[in-house]
Every structure is written in C-alpha cells, then in structure tokens.
Amino acid sequence: LTLPRPRAREAWERNQYVMTAVVFVVFTGFAFVLPFLPLFVRDLGVRDKEAAALWAGALIGVSPLLAGLLAPVWGRLADRYGQKRMPLRALISYVALLALSALVRDVYELLACRIGIGLFAKADRAGLAIVAFELGATEQATRERSPAVSPASSSARGSVSGSRSSRGSARSCR
C-alpha cells in the first residue's frame, strides 16, 4: 500500500503563503506599537496632554502618508531591479528603523524614524506585487486576496492587543 504523493506547490502559491504571513506579522507589529505612541511621546518629554496627542497623531499618520505617496516610485524600482528585492529591502529597513525608534531621546528623533519607516519600510504592496507578477491575468482576481486582506486583519488584531497592553502600561504610569 502506497500513499499518494502530495502535489508540489507552484512557485506563486508558495510566495503567496509566505508573503501573506510576512505581511501579517509586519502589520501586527506595526499596529501593536500604535497605542503606545502617546505614552512614549510623554516619556520623551512632551508634558502637555494636547501636545502629546498632536505629536502622537502626527507620528502615527506620517508613515502611511509617505508610503502612499512613494508607492509608485518603489513600484518602478521593483520593475527595474526585481520584485523580490523590494520586500526584503522593506523588511530590513523596517526592523532597523523600529530598533532605532527604541533608542530615540526626543520626539524629533522619533519623527525622523517614523518618516524613515514611511519612506523605506512598507512591505505590503511589494508582497502583493510579487504574487500578482507570478499569477496569470485570469487568476489574479481570486488568488491574490490573502496578501491584500492580511494588512486589515493584522492591523485590527495588533491594535486590539496593543490597546489592551497599553491600558496596563497607562495605569502603571499614573
């Protein structure tokens, strides 16, 4: 008695699973940090609650704004130098900039790190481009949903868990 051999996954299928997982983890981490930003801004020396709220809003909004504006530039570079290099560049940049964010001494340095994240570290669209590039035109509409849905689901989960964690931190800071 022999068992049927499992079929080998096609390259686009493997890439889709890997990119879905990568985008999910990156966005969960990104969203987990967001509820802590107002507390971190206060720790960096902004004492006024209104000013801290304004700084937190600017710090949260600057990365997606810049990433959206620069998406066509990164798309052209991916077309020119290779689709697979862009997510790797984005993830390395993201990890380095998040590590630097933990070492900042004032809110201006944190703003510089958040601007850097917006400029260099967005991996979600690059991952979607890899999956779309390897699919045929007829399969794109049905097959590339998971990397596209992953940012929304991971952002929701990361924000909820980060918010729960920040409540405990906020109580201990009082």
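Residue positions are counted from 1 within each chain, in the order its sequence is given. In view of the model being predicted, local features appear only for residues whose pLDDT reaches at least 70, and side-chain atom pairs are presented and counted only at 80 or more, with totals across whole chains, interfaces and linings using the full set of residues. Each side-chain value is worked out from all heavy atoms of the structure, with water and hydrogens disregarded.

Digging into the overall build of the protein
Convention followed: The secondary structure listing takes helices from DSSP runs of H or I that are at least 4 residues long and strands from runs of E that are at least 2 residues long, numbered from the N terminus. For every residue, the accessible area obtained with a 1.4 Å probe (protein chains only) is divided by the maximum for its type, and the residue is called buried under 20%, exposed over 50%, and partly exposed between those limits. Throughout, a contact is declared for two residues whenever any of their heavy atoms are within 4.5 Å. For every accessible area listed, the method is Shrake-Rupley and the probe measures 1.4 Å; residues are considered covered only by the protein chains on display.
The helix and strand tally for the protein stands at eight helices and zero strands. Mapped in sequence order, the helices and strands of the protein form the string α-α-α-α-α-α-α-α. For the protein, the proportion of its 174 residues judged to be buried stands at 34%. Intrachain contacts of the protein at a sequence separation of at least 6 include 77% that bridge at least 24 residues. Of the accessible surface of the protein, which amounts to about 10700 Å², a share of 63% is contributed by carbon and sulfur atoms.

Observations regarding the packing of helix α3 (residues 49–81) against helix α5 (residues 107–120)
Relative placement of two packed helices is described by the angle separating their axes and the distance separating the axes. Our working rule: What counts as an axis is a line fitted to C-alpha atoms, over the stretch in contact for a helix, and the angles between N-to-C directions run from 0 to 180 degrees. Angle categories are assigned with fixed cut-offs, so that under 35 degrees is roughly parallel, over 145 is roughly antiparallel, 65 to 115 is roughly perpendicular, and the rest are oblique. In this scheme the handedness of a crossing depends on how the near helix is turned from the far one: anticlockwise by less than a right angle means left-handed, clockwise means right-handed. Gly is put with the polar residues, along with every residue not named as nonpolar or charged; the nonpolar set is Ala, Val, Leu, Ile, Met, Phe, Trp, Tyr, Cys and Pro, and the charged set is Asp, Glu, Lys and Arg.
At a minimum axis distance of 6 Å, the contact between α3 and α5 shows a crossing angle of 25 degrees. In terms of orientation, α3 lies roughly parallel with respect to α5. Of the two possible hands of crossing, α3 and α5 adopt the one that is right-handed. In this structure, α3 contributes Trp-55, Leu-59, Ile-60, Val-62, Ser-63, Leu-66, Ala-67, Leu-70 and Trp-74 to the contact, and α5 contributes Val-107, Tyr-108, Leu-110, Leu-111, Arg-114, Ile-115, Ile-117, Gly-118, Leu-119 and Phe-120. Of the residues contributing to the contact of α3 with α5, the split by class is 16 nonpolar, two polar and one charged.

A short note on the packing of helix α1 (residues 11–33) against helix α4 (residues 85–101)
With their axes 12 Å apart at the nearest point, α1 and α4 run at an angle of 25 degrees to one another. Regarding the angle of α1 to α4, the classification is roughly parallel. Where α1 crosses over α4, the two elements pack in a sense that is left-handed. Where α1 abuts α4, its residues Met-19, Val-22, Val-26, Gly-29 and Phe-30 lie against Pro-87, Leu-91 and Tyr-94. Residue composition of the contact of α1 with α4, grouped by class: seven nonpolar, one polar and no charged.

What about the pattern of salt bridges?
Worth spelling out the cut-off: By convention in these notes, a salt bridge is any Lys or Arg side-chain nitrogen within 4 Å of a carboxyl oxygen on Asp or Glu.
Within the structure shown, the criterion is met by one salt bridge. Notably, a salt bridge pairs Arg-105 with Glu-109, separated by 3.0 Å at the nearest N-O pair. Residue Arg-105 is classed as exposed on the basis of its relative accessible area of 67%.

Digging into the nonpolar core
Quick reminder of the rule: Only buried Ala, Val, Leu, Ile, Met, Phe, Trp, Tyr and Cys residues count toward a nonpolar core, and they belong to the same one when joined by side-chain atoms within 4.5 Å.
The biggest cluster of nonpolar side chains holds 17 residues, and the ones touching the most others in it are Tyr-94, Leu-110 and Ile-117. The element contributing the most residues to this core is α5, with four residues. The residues touching Tyr-94, leaving out its near neighbours within four places in the chain, are Val-26, Gly-29, Phe-30, Ile-117 and Ala-121.

With respect to the packing of aromatic side chains
Rule in force here: Planes of paired rings set the category: under 30 degrees apart is stacked, over 60 is edge-to-face and the rest tilted, where pairs are Phe, Tyr or Trp rings (Trp by its six-membered ring) whose centres lie within 6.5 Å. Comment: the charge-over-ring label is applied if NZ (Lys) or CZ (Arg) is within 6 Å of the ring centre and within 35 degrees of the ring normal.
In total, this model carries three aromatic pairs according to the counting rule given. An angle of 45 degrees between the planes, with centres 5.7 Å apart, marks the rings of Phe-32 and Phe-36 as tilted. Note on Phe-32: relative accessible area 31%, which makes it partly exposed. Classification of Phe-36 as partly exposed rests on a relative accessible area of 23%. Between Trp-74 and Phe-120 the ring centres are 6.2 Å apart and the planes differ by 65 degrees, which places this aromatic pair in the edge-to-face class. Of this pair, Trp-74 sits in helix α3 while Phe-120 sits in helix α5, and the two are 46 residues apart along the sequence. The ring of Trp-74 has Arg-89 lying over it, and the distance from NZ or CZ to the ring centre is 3.7 Å.

Some points on the confidence of the model for the protein
We apply this condition: The predictor attaches a confidence to each residue, called pLDDT, with possible values from 0 through 100.
Mean pLDDT over the protein stands at 75; residues scoring 70 or higher make up 65%. Least confident of the elements in the protein is helix α8 (residues 145–173), whose mean pLDDT is 50; most confident is α5, at 93. In this model, residues 169–174 is a region of pLDDT below 50 whose contacts with residues beyond four sequence positions or in other chains number three contacts.

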